[in-house]
Every structure is written in C-alpha cells, then in structure tokens.
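Residues per chain are reported as follows:
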Amino acid sequence: MSKIEPKLFDELKKALISFGDKYFIGDELNRSKVSDDLRAYDEALLAKLFEIDFIKKNYIKEVAGQKLFQIDQLEEAILYDDYWDTSYTKYENRVGLTSNGKFIEDNQDVVLDFPFKDGVLTASMTKEDNENGYDDAFLNEVIEKDEIDRLFDKKILNNVKRYDVDGEKDTDYFDTEKDNLIIKGNNLLALHSLNEMYSGKVRFIYLDPPYYFDKSKPSDAFSYNSNFKLSSWLVFMKNRLEVARDLLDSDGVIFVSISEDGQAYLKILMDDVFGKNNFVETFIWRNTDNADSLGNKSRSGLEYIHAYEKVKNSNRKWIGKDTENGDAPLLNSSNGVSQLEFEPGIIRFNIPDGIYKAGSYPKIELLDDLIVEDGKNKNIIKLKGKFKWSQSYLDEEVRKGGDFIIKSKQFSIRYQKSESNSMAPEKMVDTTYLSKMFGVGSYEDSNSHLENLQVNFTYSKPESLIAFLMRATTEEDDLVLDFFMGSATTQAVAMKMHRRFIGIEQMDYINTVSVPRLQKVIAGEQGGISKDVNWQGGGSFVYAELMQKNMGYLQDIIASTTIDELHEIYNRMLSGVDGSQESADISFKADLDKIEWDATKVKFDDQKRLLIKLLDKNGLYYNYSEIDDQNVREFLSDSDYQFNKDFYGTGE
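Residues numbered from 1 in each chain as written. Predicted model: local features only at pLDDT ≥ 70, side-chain atom pairs only at ≥ 80, totals over all residues. Heavy atoms only, no water.

Strand order in the open sheet formed by four strands is 17-24-21-20, with antiparallel pairing between adjacent strands. The two strands at the open ends of the sheet, each matched to only one other strand, are strand 17 (338-342) and strand 20 (359-360). Bridging between strand 21 (residues 365-366) and strand 24 (residues 381-385) involves two bridges; their strand directions are antiparallel. Across the sheet, the residue bridging to Glu365 is Lys384, located in strand 24. (Pairing = 2+ DSSP bridges. Helix = DSSP H or I, 4+ residues; strand = E, 2+ residues; numbered from the N terminus.)

Chain-level statistics for the protein chain give a pLDDT mean of 80 and a share of 78% at 70 or above. Confidence drops under pLDDT 50 across residues 81-97; counting only partners more than four residues distant or on other chains, this segment forms 35 contacts. Here residues 217-227 is modelled with pLDDT under 50, and outside its nearest four sequence neighbours on either side it reaches 34 contacts, counting other chains as well. (pLDDT = per-residue confidence, 0-100. Contact = heavy atoms within 4.5 Å.)

On to helix 9 (residues 187-198), then. Of all the 12 residues making up helix 9, 11 are buried; the element is thus mostly covered by neighbouring parts of the structure. Along helix 9, the positions that sit buried rather than exposed are Asn187, Leu188, Leu189, Ala190, Leu191, His192, Ser193, Leu194, Asn195, Met197 and Tyr198. Here helix 9 starts with a cap whose side-chain oxygen sits 3.1 Å from the backbone nitrogen of Leu188, and that cap is Asn186. Positive phi shows up at Gly200, right after helix 9, with a value of about 75 degrees. (Buried < 20%, exposed > 50% of the residue type's maximum accessible area, 1.4 Å probe, protein only. Polar contact = N/O pair within 3.5 Å; in protein donor to acceptor, adjacent residues only side chain to side chain.)

Turning next to the packing of aromatic side chains. Tallying each qualifying case throughout the model produces 25 aromatic pairs. Taking the centre distance of 6.1 Å and the plane angle of 75 degrees together, the rings of Phe174 and Phe643 count as edge-to-face. Here Phe174, found in the loop between strand 10 (167-170) and strand 11 (181-184), pairs with Phe643, found in helix 21 (residues 638-647); they are 469 residues apart in sequence, far enough to count as distant. One exposure class covers both Phe174 and Phe643, and it is buried. Relative to Phe484, the ring of Phe483 has its centre 5.3 Å away and its plane inclined at 40 degrees; by these criteria the two rings are tilted. The structure contains a cluster of three or more aromatic residues connected by ring pairs, namely Phe174, Tyr624, Phe643, Phe647 and Tyr648. Over the ring of Phe279 we find Lys267, and its NZ or CZ is 4.2 Å from the ring centre. (Phe/Tyr/Trp six-rings, centres within 6.5 Å; stacked < 30°, edge-to-face > 60°. Lys NZ or Arg CZ within 6 Å of the ring centre and 35° of its normal.)

Generally speaking, a soluble globular protein has its nonpolar side chains buried in company with each other. Of all hydrophobic cores here, the largest spans 119 residues; its most connected members are Leu241, Ile254, Phe255 and Phe541. Not counting the four nearest positions on each side in its chain, Phe541 is found in contact with Lys161, Arg162, Tyr163, Asn180, Ile182, Met495, Phe501, Val515, Leu518 and Ile522. By size, the runner-up hydrophobic cluster in this structure holds 23 residues, among which are Leu331, Leu366, Phe411 and Ile413. (Core = buried A, V, L, I, M, F, W, Y, C linked by side-chain atoms within 4.5 Å.)

Before going further, it helps to examine the side chain of Asp585. With respect to the element layout, Asp585 can be found in the loop between helix 18 (563-575) and helix 19 (604-614). A distance of 2.8 Å separates the side chain of Asp585 from the side chain of Lys549, its partner in a polar contact. When residues no more than four places from it in sequence are discounted, the contact partners of Asp585 are Arg150, Lys549, Asn550, Leu614, Leu615, Asp616 and Gly619.

Taken N-terminus to C-terminus, the directions of helix 18 and helix 19 make an angle of 15 degrees; their axes are 10 Å apart at the nearest point. Compared by their axis directions, helix 18 and helix 19 come out roughly parallel. By crossing handedness, the relation of helix 18 to helix 19 is classed as left-handed. Contact residues: helix 18 offers Ile563, Leu566, Tyr570 and Met573, while helix 19 offers Phe604, Gln607, Lys608, Leu611 and Leu614. Residues of the contact of helix 18 with helix 19, tallied by class, amount to seven nonpolar, one polar and one charged. (Axes fitted to C-alpha atoms, helices over the stretch in contact; angles between N-to-C directions. Parallel < 35°, antiparallel > 145°, perpendicular 65-115°, else oblique. Left-handed = near helix turned anticlockwise from the far one by under 90°. Nonpolar A, V, L, I, M, F, W, Y, C, P; charged D, E, K, R; others polar.)

It is worth spelling out the pattern of salt bridges at this point. Side-chain pairs of opposite charge can arise whenever the charged atoms involved come near each other. Under the definition given, this model contains 32 salt bridges. Note that Glu196 is salt-bridged to Lys154, the shortest N-O span being 3.7 Å. Taken together, the residues Glu196 in helix 9 and Lys154 in the loop between helix 8 (145-151) and strand 9 (157-164) connect sequence positions 42 residues apart. Across the salt bridge formed by Asp208 and Lys461, the nearest N and O atoms sit 3.0 Å from each other. With Asp208 in the loop between strand 12 (202-207) and helix 10 (230-247) and Lys461 in the loop between helix 13 (443-452) and helix 14 (463-473), the pair connects residues that are 253 residues apart, well separated along the chain. (Salt bridge = Lys/Arg side-chain N within 4 Å of Asp/Glu carboxyl O.)

Moving on: the packing of helix 14 against helix 15 (residues 489-496). Close contact between helix 14 and helix 15 brings their axes to 9 Å; oriented N to C, the two are set at 60 degrees. On the basis of their axis angle, the class for helix 14 and helix 15 is oblique. At the point where helix 14 passes helix 15, the crossing takes the right-handed sense. In this structure, helix 14 contributes Glu463, Ile466, Ala467 and Met470 to the contact, and helix 15 contributes Thr489, Thr490, Ala492, Val493, Ala494 and Lys496. Classifying every residue of the contact of helix 14 with helix 15 gives six nonpolar, two polar and two charged.

Phi at Ala488 takes a positive value of approximately 75 degrees, unusual for a residue other than glycine. Here Ala488 lies in the loop between strand 28 (479-482) and helix 15. A residue is classified by how much of its surface remains accessible, and Ala488, at 0% relative accessible area, is buried.

Following this line, the structure appears as structure tokens:
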C-alpha cells in the first residue's frame, strides 16, 4: 500500500521552499530541523507558518478573546506522519507497543537503555550499583532523536597497543583486512564507530549477553549485574541487535545464548530484528554436569542458543558432526542391475590367493576370471549386480582413495569412503555430541580451563561450544564479532581456528582477564580446543579504548559513597584536571546556582541522581570530529592521533 502524506506536509513544503534547502533533505521535509526551530520560536519560521491558512485553521485556537498557537500539536504532527487525513484509522491497521498514542518505533523520543554490564550511558556497569538500590528508571533517560546522531558519531580511540609474539607495543596503523581488534568501551557506541568500515563484512556473531532472570540473582553470581527489568533488558538488546544485523554480510549468521527465563522474549525480539523467515534453529546446550538439585518442579541444566542467518539460504549446509565412516555394502537390493569395472589392485580380499572362475555367486555375477594375488585383484575385473553407484561415481571415489573389500567367497563387495561426510548440527548440544573435531563441554570444563590459565572469571562458555558453532558456519579468515566479550572465549577460539575477530567489552576486567588470556593464546597455551586444532601459538591483535570524557565523571559519581566525594567530583566536572581531564559537558537546562551541598538539607542518593542527570549523555566519549580541537589534541599521544587518522581513513 502506498503511503499518503498528510495535507499538512503539502502546505509546509509549499511555504518553506522559500527558505531554500534549509528545511529540506533532497525533496523530503527535514522534520527534525523544522521541529528544532519551532521549539526555538524562530521568528522567520513562525512568520511564514502564520501565512498558511491550513495552520491558522487547525493550530491556532481562540480562547477568551486571545489567539493561542498550539505549537506542541503542530510539532507532533510534523514529527509523526504515519496517519492519513483521508482515513479514520490513525495506525494503518498496525499492531504494536505505543506510548502517548504513538508507536514506539515511530516515536522521536527514543529510549536508549544501557543497564549496567556493557553499555551504561546513564549509569555504571557494575553489580555494586544494583546493591546500592538504583532502579532502572534512575539508570536510563529519554534521549531525543536529534541528539542520537551525535551520540552515535565515530569516537576517538586512545591507549592503543598492538599485542603479538614479541609482546606489547604502541602502534599508529591498522589494517582492516588483516588486524584483529579489541575495544574497551560502551559496546553500542563502539559498534556505531565500526559500522561504516565493517558494515556488511562480518560473517559470524556470537553473543553471550547479560541474561534476563525472572528472579534476582545473588550479587556474587556473575562478574556483572544481571538484575534488571524485562522492559529495560529488551530495549538494551534491541539497540545492539539492530547494529549487529547491519554488520553481518549477506551470508552472515548470528548466535545468541540465553537462559530459560529470557529465551522466549529474545526469540520474539530477534524475529522482529532479523525477520522470522531468517530463523534457523534454537540449539539446546547442556551447560553442566551437575544440574541444580534444589528445584521443586524440575532440574534445569540447559541453556538456549537462538540462531539466525541474515538472509536465510536453504541451499547452505551447516557442518555438524561427521558421519560414521565404517565399511558399508556397495550392493542395494532395491537398485537396478548394473555393471562396474575395477582396475588392478583396487579391491582387497579376505579370501585365499588364487584364481576364481567367472560365473554367478550368491551376491554378484563375476564376468571375468579373477586373479587374487597378495590379497588384491591382479587383473581388471567386471562385476554385475544391484549397485548403489554408477561407474563415474566409483571412479571418483577410487581417485579420492576409497577402500573396497570382499570378505568372503560370496563376493559381496563393501566400501569405505576416503572422507567422511558431515551432518547438519543436531538441536541438542552436549558432552555426548561428539565429532571428529570437537566434543562440546560444560561450564565445569570452562572453569577448569580458566583456572589452569590463572584467569579469574565465572560462567565463561567453554571453547568447544564456540568452536562447534564457528566450525559449523565459517571458514578460515572469516570475520568474527563478539561485543559482549567477557573473558574473550570467542576471540581465543577465533585465533586458534584462524578466523579474524573483533571484540568489545566495557568492564575493567578486560585488562585483567580478557587481554591476558589472549596473550596466553598467542604464547601457545594448550587448554580448550588447542590440541584438537593443533594450536602452536602465534597471532596478534590491536587493543584500543573509546576516549572517555563524561564517562570518567560518570564512573566516579557511581563509585562515590559520601556527599563530600560527590562535591569534589562536581568541582572537577566544572573545572577539569590540568593535563589529564577536561571539564564535563553539563546539560544546559540546569541552573547550577541552585544546587545545594549542605548535607543536612539534601540526601546523598538524590544528589547522586542529580549529578548523573547533569552530565550530557552525548559527551560520554570524545567524537572523532573533535580530534583536531586543541582542548582534545593535548590529551592524545602522537601515536594515538595517527592511529585514529589511519583507522578512520582520514590520514595522509
């Protein structure tokens, strides 16, 4: 059905064309710009609008002899154009979530929701914040659409290092076709920084995000907070999955792990983001050798992995376990009679050497005399029977090195192919699901591996699980992405299996867990899948951080415990720290003179909320567009500066 624009748009276009390109993007009305100038009461714009009869009739109301301009209603009509003047239905027969009478996906005020673990824009990522009693309403803000473009602009990268067999070193260059990349920082903003150069280039995404749980988990259960509301978690996931979809290439696949509580919600969300028709399977992984014995109704030791292709290809085969490759009969009673010819030395015999006359035998007809010498046929022989294969297929298998054997004087010939075939992966993935390459392990296996590496991290997926998925859908040199990197299992597996990788993690343990683990992989550690793939070490990666601005202040505010600490942070927000930290970007809406610091008059939690609210969420990290500003350049090393120029393709 074609879209019918409201009459208002026709009238606006006619009137605003007099401003040239100011209110247009091509032939389309720049609604955001019109809205901005409406809010600013731009005199020239308002004067032009008051000339439009349609606006005077519908948006100027006379009350008590005074004319009132209904600017809010006009702005809403401009920003929200999915209704028809000619129709009695506002929603075009659509079904979905609404807020204040608008579909959420159409709303120009977009909730960017980043609860704790990996991408807190309005709060921290750590589990301690939840223990302090901050709820989701406090930790998330409504950010207007016209601010989001700046928020998602490319970010400056700093503290850049290259890690390889020679150790750690500064680097000022990056090769997108060869280099592996690890980024510390908010994963949503990092993804948007990568989107331009990696859009449509990622073959495989695996995500192990913070799980949604119906009931709160103990604070020591995970290395990050996992307790937040379903609505927050769904928006948090949606923001990131939409970028992930754009990064996948046309043959790309995505796997997302999830627990029982959240798997149904996640499946519906992924159907919406990736398309229901692109769903492949929900794999079930037996995650433990010791299921919870405390359950009253059932003992659960399972997790789920939702799998989607970007564009589902029914002809593409995923590789699971290899078929058994024992010998099998070459005869099949349901086939028609045919003739096969075997060159000398092709067939092995478990019967005595000698000459066997041509003729009919119980299973086959021997068309020539057969000479068996040293356990093989000395001469060319022709056999007649109900064979599975044609002569051309037989010749190809012989060329590949297939084995053929006759075990008795019944002359029932059997075969064993030189190469086993692979079956598609089974839905149930556990320790009994073995292939010639991998036996998929459990959390206990992963814990043991990390303990041997002296890496302190719990609930890390075993390398064998990631390798199983990666082997099923990728080849060497394919690009792999995991932006909930955690302990870097995906990156470790990618390195060992010779895939390129990108990893993103905001938590500080990236420098005590993730990077040290990858250094040990480069050194040739022999845990996980190392022996299965004959890993001997090598490889490299580049480490970089999103350059913090307000994020540093935000983390300090969250970590504070007293009013005095908050006051000291506030003073730094206003003045900065010479040589190391610029003053904070503070919301222009705040009246700073009215902030109270008398501990007898204000509550600590209220003051903490206030300072977080003051921070401009667009300024958590420095945008790349600011890299040549003097107040930014002084905080950036020459090496990091040149790296950014090379990374974003703007250097000489």
